[in-house]
Amino acid sequence: MDLRDFCLLTALIACLRLDSAIAQELIYTIREELPENVPIGNIPKDLNISHINAATGTSASLVYRLVSKAGDAPLVKVSSTTGEIFTTSNRIDREKLCAGASYADENECFFELEVVILPNDFFRLIKIKIIVKDTNDNAPMFPSPVINISIPENTLINSRFPIPSATDPDTGFNSVQHYELLNGQSVFGLDIVETPEGEKWPQLIVQQNLDREQKDTYVMKIKVEDGGTPQKSSTAILQVTVSDVNDNRPVFKESQVEVHIPENAPVGTSVIQLHATDADIGSNAEIRYIFGAQVAPATKRFFALNNTTGLITVQRSLDREETAIHKVTVLASDGSSTPARATVTINVTDVNDNPPNIDLRYIISPINGTVYLSEKDPVNTKIALITVSDKDTDVNGKVICFIEREVPFHLKAVYDNQYLLETSSLLDYEGTKEFSFKIVASDSGKPSLNQTALVRVKLEDENDNPPIFSQPVIELSVAENNRRGLYLTTISATDEDSGKNADIVYQLGPNASFFDLDRKTGVLTASRVFDREEQERFIFTVTARDNGTPPLQSQAAVIVTVLDENDNSPKFTHNHFQFFVSENLPKYSTVGVITVTDADAGENKAVTLSILNDNENFVLDPYSGVIKSNVSFDREQQSSYTFDVKAVDGGQPPRSSTAKVTINVMDVNDNSPVVIYPPSNTSFKLVPLSAIPGSVVAEVFAVDIDTGMNAELKYTIVSGNNKGLFRIDPVTGNITLEEKPTPNDVGLHRLVVNISDLGYPKSLHTLVLVFLYVNDTAGNASYIYDLIRRTMETPLDRNIGDSSQPYQNEDYLTIMIAIVAGAMVVIVVIFVTVLVRCRHASRFKAAQRSKQGAEWMSPNQENKQNKKKKRKKRKSPKSSLLNFVTIEESKPDDAVHEPINGTISLPAELEEQSIGRFDWGTAPPTTFKPNSPDLAKHYKSASPQSAFHLKPDTPVSVKKHHVIQELPLDNTFVGGCDTLSKRSSTSSDHFSASECSSQGGFKTKGPLHTRQFSGLGTQRTTVFTVKD
């Protein structure tokens, strides 16, 4: 078995298998000649087809489509939505539809049609058979309007002569039912003989003797009627000719003959030879063979009859498929009026001479012979209904059908001779756009005959492919400062679809305002001038969109890098750099950093720095911009340095810029305040008793050659104002009267004023003595100056009366003790004497004397205390600076007094105000006028007295701005055991007085403390002693 036979066998098996699920039959019966739009049937109702989708439960829209052949005039039509069948304007004529056929059963005239139900999910093929019932629309007709019959004159009564039968295309009761002889003249009658096939043959009956000599011709009418309603009829003229006598008529050997002849029998082939005999002799026995009047003209064209021999031969090629059976009536006549009749049935046998017929009726209407399918159509999409047939019979008529080559289509058998052409797989327009294949129908004859039908299918493109960019990421580079409209590149994408689905338009995404894109060509141009310094890289997207429905799109990323050009000069962060450095900064220290930028890139931004006009005072690193000093700074000598710096980039040609640099030398607190007024430590001011509180009684003014806070000065009274009589303004240095002086305040007052700056990190200070003489007049100036001279021996932490008062108090105390002792002795004697006399009188006298002695020892103590309380109430508020100094004296352990260790205490108000505190150990010196007396010499003592000393200074290394200057010669006292000041506000130490001790050969049990004053390489020691 070769491949072809295998394909044929496979197709044959497929043809025999019917899919009952999709193939169903309906039979309808209608009358012919129905008018248009007469309902014939309802497909969904007759087949009980539901419009509900069983899977989803939703209503489905079914489409009913009549499968018709191109060019056919359909006899019926089908509603696409309801499935109802109606007649059309094309007349259904049963006689034309079933022409040439003689049906015993009127139900045998029918036509068939096919209806498909779509969509594919509900696909069904409905085969409809419509039986056409006959309507009496045709009248019976005689073969000829004039019928001639010859009857011998000696014909016996009741002899019968056949009359040509009438024919009626209608069938059944609508066909010929009755004959009637009109105007028979009582000579002739009519009889009807019914054949086994149901045909009615009329016969003329002779009812009277005929005499040719009396009347040789009779003219009558014969009428034929059918049985339809309304009844139809027709008439013909029957002309009877009376002929001479011939006694015997011919007789056929067989009156019914059936023969078979192949349809491919050549012309001239003998079919059968008929033989009839006649008992007469002579000319009456000569027989002539002719076709009877009932033989159809078509049969006479296919067969020839020899009039003499009775041989029937083929005179024209036969075609079984056109006429399979030919019935021939042959008359044998000897010239008499009654010929012999024989019926010959010629069966044309089949020969495989007809190839199969392919009836291709499209479900999807073709355009110019080509079916158009969408590539998105699903599998099993129905394209056409193919009906194969073969006019041959039996094996020669068995037909198989198949597709000639491998295509994505197949044939599905639905009936014995019908197939559905449908898709077998998904279609892809991009793979194959057009299919052209043949459907082959082959019969089973020997040899087999084939027939082919060409099917052309073109796919319609669906927009199922998005545009594809050749590169998903497009990288470009362009130099800055370009011209507008500069061509950058052409962006292209391809689309495998066709037509409008492949028409691509391009569109820029966001962040692409610097670019223009031609929507059709994809040409990308620059719409603006690029500046790399503003934006070095542009990243945006380009969308390619086709014109399909719906449109598909894809995107590509575009990266445009802007290349640098040397179009920017170096730029300093400041046109004028100002740096601040502290004086005394070591050489080669970093004083500042020059910052310069260049907006360009690469070598174009490589900047080199240089100093233009400096006298080698500074060194500039050309790359880092670090400026280092080449000198040591002294603000008092030069407070600032100015020079220009130049920056040059590495571009070609190079670009440059300059900036100004100023180095400001910041002050360091290395200078103590210098007293300008009072001009001398020996000057004084007169304060009259009439002075009112708040009046300025003296002024202190000093200057500091430092700057800023280092030169801000604060004035405070640190000693000599224990009564709170005076107040100094901390800012202006004006000394004002706090309360009105009293006679008790008359005398010389020495105020120790501390002048300190607000320097950081350590405050420097200077002490000045201000003498105020409270009296109405100062008539004896020399006396006052002598008092001033003698006060120099009084330590600064004591009032000027404290140094002599202890000695006076001791003498006074001795005298008082002696007086009291004597008085007591006297009192005791008197008491003993008088006790006897008058106990009470002696006690009274003793009490009086004791009271008088107490008042003499401590006169006016209560008044003094009251005055002190009043003065305290009139003191300045808490903002007052140092207003009292107290010395706490330790009690002696034995008869010999120990040296006094004292602590100078400050009130809490001073600490709360965070006033800088004086550092006793590091009190800086200052310079005084040369004509001012040296106050230090007043603190030297040759007498062995108890000393009140501060701790010695810690030696300070001699450096610039830290040199210990010469002791004051004029009006300023620096350092010493009796000086008071505040330290820097950053210190937490309290005001304190360091311990002091005696010097020389004087010995004491207590420790000795010294205060050293350094100046001009000499050392001086001041000893404060307390006489015991």
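Everything that follows concerns the structure shown earlier in this document.
Residues numbered from 1 in each chain as written. Predicted model: local features only at pLDDT ≥ 70, side-chain atom pairs only at ≥ 80, totals over all residues. Heavy atoms only, no water.

Once that is clear, we can look at the overall build of the protein chain. The number of helices and strands found in the protein chain is nine helices and 61 strands. Relative to its full complement of 1028 residues, the protein chain shows a buried share of 43%. Taking the intrachain contacts of the protein chain between residues at least 6 apart in sequence as the baseline, contacts between residues at least 24 apart amount to 70%. When the accessible surface of the protein chain is totalled, it reaches about 53,400 Å², and 51% of it is carbon and sulfur. (Helix = DSSP H or I, 4+ residues; strand = E, 2+ residues; numbered from the N terminus. Buried < 20%, exposed > 50% of the residue type's maximum accessible area, 1.4 Å probe, protein only. Contact = heavy atoms within 4.5 Å. Areas by Shrake-Rupley, 256 points an atom, 1.4 Å probe, with all protein chains shown as cover.)

Right, let's get into the sheet that holds strand E47 (residues 626-629). Read across the sheet, three strands follow the order E43-E47-E46 without closing on themselves; strand pairing throughout is antiparallel. With partners counted over all chains shown, the strands left at the sheet margins are strand E43 (590-593) and strand E46 (618-620), one partner each. On average, each strand axis in the sheet is inclined to that of its neighbour by 20 degrees, with strand direction left out of account. Looking at chain direction, E43 and E47 are connected through three bridges and run antiparallel. Bridge pairing in E47 places Thr 590 opposite Lys 628. (Pairing = 2+ DSSP bridges. Axes fitted to C-alpha atoms, helices over the stretch in contact; angles between N-to-C directions.)

Time to look at the pattern of salt bridges. Scanning the entire structure with this criterion turns up 16 salt bridges. Two residues, Lys 223 and Glu 225, come together in a salt bridge whose shortest N-O distance is 3.1 Å. Across the salt bridge formed by Arg 789 and Asp 786, the nearest N and O atoms sit 2.7 Å from each other. Here Arg 789 pairs with Asp 786, and both are found in helix H5 (residues 781-791), just three residues apart, close to one helical turn. (Salt bridge = Lys/Arg side-chain N within 4 Å of Asp/Glu carboxyl O.)

Let us look at the state of the cysteines. Overall, the coordinates contain one disulfide when judged by the stated rule. Here Cys 98 is linked by a disulfide to Cys 109, with a sulfur-sulfur distance of 1.8 Å. On the sign convention where negative means left-handed, the S-S torsion of about 95 degrees between Cys 98 and Cys 109 marks this disulfide as right-handed. Of this pair, Cys 98 sits in the loop between helix H3 (94-97) and strand E6 (110-118) while Cys 109 sits in the loop between H3 and E6, placing them 11 residues apart in sequence. Like Cys 98, the residue Cys 109 is buried in the burial classification. (Disulfide = S-S within 2.5 Å.)

In terms of nonpolar packing, the biggest core is built from 29 residues, with Leu 373, Ile 386, Phe 409, Leu 421, Phe 437, Ile 439 and Val 457 touching the most fellow members. For this core, the secondary-structure elements that each account for two or more residues are strand E24 (357-362), strand E25 (370-374), strand E26 (382-389), strand E27 (399-403), strand E28 (409-415), strand E29 (418-423), strand E30 (434-443) and strand E31 (450-460). What Ile 439 contacts, discounting residues up to four positions off in sequence, is Ile 358, Ile 386, Cys 401, Phe 402, Ile 403, Leu 411, Leu 421, Gln 451, Thr 452, Ala 453 and Val 455. With 27 residues, the next largest nonpolar core counts Val 259, Leu 274, Leu 305 and Leu 318 among its residues. (Core = buried A, V, L, I, M, F, W, Y, C linked by side-chain atoms within 4.5 Å.)

Relative to the assigned elements, Lys 458 resides in strand E31. Separated by 26 residues in the primary sequence, Lys 458 and Thr 432 place their C-alpha atoms 9.0 Å from one another. Once residues lying within four places of it in the same chain are set aside, the contact partners of Lys 458 are Thr 370, Val 371, Tyr 372, Leu 373, Lys 433 and Glu 434.

This part covers the packing of aromatic side chains. Applying the stated criterion to the full structure yields 18 aromatic pairs. When the ring of Phe 514 is compared with that of Phe 538, the centres are 5.0 Å apart and the planes differ by 45 degrees; the resulting orientation is tilted. Taken as a pair, Phe 514 in the loop between strand E36 (504-508) and strand E37 (515-517) and Phe 538 in strand E39 (residues 537-546) lie far apart in primary sequence, 24 residues in all. Note on Phe 538: relative accessible area 3%, which makes it buried. Centre to centre, the rings of Phe 684 and Tyr 785 are 5.5 Å apart; their planes meet at 75 degrees, and the pair counts as edge-to-face. In this pair, Phe 684 sits in strand E51 (residues 684-687) while Tyr 785 sits in helix H5, placing the two residues 101 residues apart along the sequence. (Phe/Tyr/Trp six-rings, centres within 6.5 Å; stacked < 30°, edge-to-face > 60°.)

Let's shift gears to the side chain of Ser 165. Assignment of secondary structure puts Ser 165 in the loop between strand E9 (160-162) and strand E10 (176-182). When residues no more than four places from it in sequence are discounted, the contact partners of Ser 165 are Phe 142, Pro 143, Tyr 179, Lys 200, Trp 201, Pro 202 and Gln 294.

What follows concerns the sheet that holds strand E45 (residues 608-611). Spatial ordering of the open sheet is given by E42-E49-E48-E45, a layout of four strands whose pairing is mixed. Every interior strand has two partners, whereas the edge strands, strand E42 (576-582) and E45, have only one. Across the sheet, the mean angle separating the axes of adjacent strands is 30 degrees when strand polarity is ignored. Where strand E48 (residues 640-648) lies against strand E49 (residues 656-666), nine bridges are found, and the strand directions are antiparallel. Its bridge partner being in E49, Ser 640 is matched across the sheet by Asn 664.

Another point: the environment of Glu 95. For Glu 95, the position within the fold is in helix H3. Given a relative accessible area of 13%, Glu 95 falls into the buried group. Counting along the chain gives 76 residues from Glu 95 to Thr 171, while the straight-line C-alpha distance between them is 9.2 Å. When residues no more than four places from it in sequence are discounted, the contact partners of Glu 95 are Glu 32, Asp 134, Thr 135, Asp 137, Asn 138, Pro 169 and Asp 170.

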